[in-house]
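Here is how the chains run, residue by residue.
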Amino acid sequence: CPLAPRSKLFCWMVVFTQGYEADLARESHSRWRGIFACDAWSVLSDGNLDPIPITNIGSMRSPMAPWGSYYNAEVFVKAWEYVTADGRYLENAWTVKADPDTVWVPQR
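Here we summarise the structure given alongside this text. Note that the coordinates shown come from a computational prediction; the quantities given were computed from them, not determined experimentally.

Calculation criteria
- Residues numbered from 1 in each chain as written.
- Predicted model: local features only at pLDDT ≥ 70, side-chain atom pairs only at ≥ 80, totals over all residues.
- Heavy atoms only, no water.
- Pairing = 2+ DSSP bridges.
- Helix = DSSP H or I, 4+ residues; strand = E, 2+ residues; numbered from the N terminus.
- Contact = heavy atoms within 4.5 Å.
- Axes fitted to C-alpha atoms, helices over the stretch in contact; angles between N-to-C directions.

## Here we look at the sheet that holds strand S4 (residues 94–97)
Moving on, step 1. Strand order in the open sheet made by the 4 strands is S3-S2-S1-S4, with parallel pairing throughout. Edge positions in the sheet fall to strand S3 (55–56) and S4, since each of these pairs with one other strand and no more.
Moving on, step 2. As paired elements, strand S1 (residues 9–15) and strand S2 (residues 40–45) share 6 bridges and run parallel to each other. By the bridge assignment for S2, Val 15 is matched with Ser 45.
Moving on, step 3. Most of the contacts of helix H1 (residues 20–31) go to S1, to which it runs at about 150 degrees, and overall it touches S1 and S2.
Moving on, step 4. Lying over the sheet, helix H2 (residues 73–86) contacts S1, S2, S3 and S4, oriented at roughly 140 degrees with respect to S1.

Dropping the structure here:
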């Protein structure tokens with residue numbers, strides 16, 4: 001039985017420049033792991049993440065919610081708007097949004 005051709009993946013994430021997310025993104029990028037192992041990828045952020053090329057989406061500040069997380073839906077709506085305007089997702093069979101602390105193994 002022949003194997004089906006592998007589907008192409010466009011992967012993206014939103015990363016805050018301050019805090020542990022930036023360090024995790026840089027480490028993944030340096031090893032070409034996580035989203036950086038996808039066929040195409042994009043990192044959206046609120047500032048510089050050298051050496052990772054990013055799309056700056058401006059402020060990502062969100063108020064704290066009573067359950068201990070954040071009211072951040074507006075940040076991700078804004079991020080999706082940038083992803084769709086960029087259009088690279090259209091060149092791939094699948095679009096994957098992952099967090100910087102997600103263990104993502106696209107080769108599997």
